[in-house]
Every structure is written in structure tokens, then in C-alpha cells.
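Residues per chain are reported as follows:
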Amino acid sequence: MNRLKTLTLAVAATALAATSLTAQARDFRLGLITPPQHLWSTEAEAFAESLHERSDGEHSVSVYPAQQLGNEAQMVQQLQTGALDMAFLTIAEISNRIPDFGALYAPYLVDGVDHAAELLRSDTAAELLELMPAEVGLVGLGYGMVGMRQVLSRAPIESQDDMRGKRLRITPFDPIRDFYTATGASPAPLPLLEVYDALANGQVDAIDMDFDSILILKFHEQADNLLISNHMMFPMVGVVSGRVWRELSVEDRELIETTMAEHLENVLTGFQEMDAAQEEEIRQLDLNIVEADAEFFSEAIAEWEASWAEKAPMLEALREEAERLRQ
Ligand code: BEZ
């Protein structure tokens, strides 16, 4: 599918008016929640540099990492009013507003980071992005991701029973809350940058996290047990405010779309390339490691599927696509 054509269709109501707009120099603002050393943040900076160069210095992008502009819910509001131009957002916040995106969090939908990246590059995943302009007023230009989700805990988790009653940190969104509730854990929504202190002061017993964040934010200093479960993928989406998009010339839209898509692709390949080495590095730490698969969570998965198959009808198509990619 031609993504540019799709996006142009998605804003069809204003496309004709916009074609008459001439390019105007802009200083865009891009917000994200990850710390400056995270790959999302460094690729956001690299996108800013590429856009500046490719627009012959006409456009610039100021990048605000580490939640400087607020949490993702607040950033989505700013994007909707046009107070913020662009963002790299976890799909978490989008799935709170468009439940169909919850399908991307189906437990064991994908087998690992390579499979996740392939699914996110598929036309089926691109179809989800087409829901964004009408349903949240944002234009989604492509996906990034982090590595697969794991569970780091203060006490060992050797069976689903060990999760019962544990206060377990989650990123604030519904599909993951429902998954952990079904395991018997007590989900505690906390933004990424509050997790270290919450683990250190015992506010939570365990965290849902990816290898990369465990390493760069040093969560392993505060918990000794790791359940390598690879139970969910964790996509990100690069977005532009729909209001801002409508003000841009067709040439500027094309430039922003191709440039952002290139840097989002760098995020996908970056996590594909880092995953094995990060797992190896984590296995070298002094952690008690247990491995889990879909069987480990079978009851919780059945409960999750029963409620999300209905809330997120795209689940079926994504599952079929994931299966095709396995062959
Ligand atoms: C998290 O909430 O766990 C998270 C968010 C963004 C990047 C990595 C992890």
C-alpha cells in the first residue's frame, strides 16, 4: 500500500485547500517520554537533523524528551489542539482512545522482536494508523517499538500463582492492565521515569519492562528476579497533529512523512539488532532467571482474549498476518 496516498485520503476533506498552501518555515516541537539516551530520543534528534538538512534549513524541530511536555495523555491533548506539532508515542496511550490498537498487545501475538518488527511493517498494521485522523485527530506516520515485555520482580515468580496479589507496575493502558489482572496480580500504573523509585521504596513488588529499559534505567539494581516471558510486543507510533498537518503544503507533508518513516524504521531495526546482546548482558547479571511461555500464562491469556477479541476486532486480521509472517 502507498502510505502517502493513504494519509492524503485520510485528510481528504482538507487536501484540496492544503495543496494551495506554499511551504512556510516552521520550528516544530516534538515530545516524547523516553530519557535522552533512549533510542527513541536519539532517533527523534536524528529526525530533527535530517528534516533541517532536507528542507535546506527552512524547517527545524526542537525535541523534548523525558516527559518535559507532560505525560502521553497530556501530549495527545496538546497535539489535538495544535499546541504540540509532533510526538513519538507508545501505542499504550493510543489504545486507551482507540481500542482496536489494543490488538497489538495480544499476549504472544508475535514470537520475538523480528516477528514484531515484520508485523509492524505490514499493511495490516498500517490499516490501524488510518483510524487515527478521524478518531483522535492525529496523523500516524509509522511505527517504532522497544523490545518484548518481561517481568522483573523483588521475589521470585516461578508460576502464575506467584503473581497473585503482587503490586506490579504497568505502563498506564487497558490491555496490559487486563492481562495482569487476569494473572491475579494487582496492576499499578506508573510512567517509565517513576519506576526506579517505586521499585527502590517498595511501592511495587514487580515491573513489566523491556530488556533495554531494564539496562539503561538500571532497574536490575532494585530487583533480583527476572521472568523472561517475551509476552507482548511494545510498539510506538510517530505522529503529527492533525491540525498542524492540515496547515502544511503537500511538499512539506511528503518531506516529513518520508523523513520520519526513515527514522522510525531505524528504531525498529535498532531494537532488532540490540535484542540478543541485551538479553545476553542481562543473563550475565546476578539475577535469578526463570523462563515463561504462553503455557505459563494460559488462564490469563484465555481471559484476555475473551474480552479483547470483541473490543479490538482488528485482532483477527493481525493474528492472520502474524501467522502468515511465521511461514
Ligand atoms: C514503559 O512504559 O515501560 C516504556 C515506555 C516507553 C519506552 C520503554 C518503556
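Computed from a prediction, not measured in an experiment: that's the story for all the values here.

Caption draft 1: Region of the structure containing the sheet that holds strand β2 (residues 60–64). Reading across from one edge, β2-β1-β3-β10-β4 is the order of the 5 strands in this open sheet, with mixed pairing throughout. Bordering the open sheet on either side are β2 and β4 (138–146), each of which pairs with just one other strand. Neighbour-to-neighbour, the strand axes of this sheet turn through a mean angle of 20°, independent of strand direction. Here 2 bridges tie strand β1 (residues 27–31) to strand β3 (residues 86–90), and the two strands are oriented parallel to one another.

Caption draft 2: Just the sheet that holds strand β11 (residues 288–291), in detail. Strand order across the open sheet formed by 6 strands is β7-β6-β8-β5-β9-β11, with mixed pairing between neighbours. For this open sheet the edge positions go to β7 (186–189) and β11, each flanked by a neighbour on one side alone. Averaged over all pairs of adjacent strands, the angle between their axes in this sheet comes to 30°, without regard to strand direction. Of the pairings in the sheet, the one linking strand β9 (residues 225–228) to β11 comprises 4 bridges and is parallel in character. Paired with Leu226 across the bridge in β11 is Ile289. Across the sheet, helix α9 (residues 174–183) is in contact with β5 (149–153), β6 (167–170), β7 and β8 (206–210); its angle to β6 comes to roughly 160°.

Caption draft 3: Quick peek at the packing of helix α3 (residues 39–54) against helix α13 (residues 250–284). For the pair α3 and α13, the least separation of the axes is 9 Å and the interaxial angle reads 150°. Here α3 is positioned roughly antiparallel relative to α13, judged by the angle of their axes. Between α3 and α13 the crossing geometry is right-handed. Contacts from Leu39, Trp40, Glu43, Ala46, Phe47, Ser50, Leu51 and Arg54 of α3 reach α13 at Leu255, Ile256, Thr259, Met260, Glu262, His263, Asn266, Val267, Gly270, Phe271 and Met274. Classifying every residue of the contact of α3 with α13 gives 11 nonpolar, 5 polar and 3 charged.

Caption draft 4: Local environment of the site of the ligand. Contacts to the ligand come from 13 residues, most closely from Arg149, Arg169, Thr171, Asp210 and Ser213. The side chain of Arg169 places a nitrogen or oxygen atom 2.8 Å from an oxygen atom of the ligand. With respect to the ligand, the side chain of Thr171 contributes an N or O atom lying 2.8 Å from an oxygen atom. Protein chains shield 100% of the accessible area of the ligand, which is 260 Å² for the free molecule. For the shell around the ligand, a count of residues per class yields 6 nonpolar, 4 polar and 3 charged. Counting residues domain by domain, the shell around the ligand receives three or more from each of domain 1 (27–146 + 234–273) and domain 2 (150–232 + 280–326).

Caption draft 5: Representation of unusual backbone geometry in the model. A positive phi is found at Gln67, a non-glycine position, where the angle reads about 65°. For Gln67, the position within the fold is in the loop between β2 and α4 (72–81). Taking relative accessible area as the criterion, Gln67 reaches 22% and is therefore assigned partly exposed. Phi is positive for Lys218, close to 55°, though the residue is something other than glycine. Within the secondary structure layout, Lys218 lies in the loop between α11 (211–216) and β9. Look at Lys218 and you get partly exposed, because its relative accessible area is 42%.

Caption draft 6: Region of interest: the domain arrangement of the protein. Each domain of the protein was delimited in the assignment, giving domain 1 (27–146 + 234–273) and domain 2 (150–232 + 280–326). Counting from both sides, the interface comprises 33 residues of domain 1 and, opposite them, 37 residues of domain 2. In this structure, the connection of domain 1 to domain 2 is made through 1 salt bridge. For Arg326, the salt bridge identified is with Asp111, shortest N-O distance 2.9 Å. Elements that contribute at least two residues to the side of domain 1 that touches domain 2 include exactly α5 (91–97), α6 (113–120) and α7 (123–129). If one sorts the elements of the side of domain 1 that touches domain 2 by residue count, α7 sits on top with 4 residues.

Cut-off values and rules
- Residues numbered from 1 in each chain as written.
- Predicted model: local features only at pLDDT ≥ 70, side-chain atom pairs only at ≥ 80, totals over all residues.
- Heavy atoms only, no water.
- Pairing = 2+ DSSP bridges.
- Helix = DSSP H or I, 4+ residues; strand = E, 2+ residues; numbered from the N terminus.
- Axes fitted to C-alpha atoms, helices over the stretch in contact; angles between N-to-C directions.
- Contact = heavy atoms within 4.5 Å.
- Parallel < 35°, antiparallel > 145°, perpendicular 65-115°, else oblique.
- Left-handed = near helix turned anticlockwise from the far one by under 90°.
- Nonpolar A, V, L, I, M, F, W, Y, C, P; charged D, E, K, R; others polar.
- Near = heavy atom within 4 Å.
- Polar contact = N/O pair within 3.5 Å; in protein donor to acceptor, adjacent residues only side chain to side chain.
- Areas by Shrake-Rupley, 256 points an atom, 1.4 Å probe, with all protein chains shown as cover.
- Domains from an automatic or database assignment.
- Buried < 20%, exposed > 50% of the residue type's maximum accessible area, 1.4 Å probe, protein only.
- Salt bridge = Lys/Arg side-chain N within 4 Å of Asp/Glu carboxyl O.

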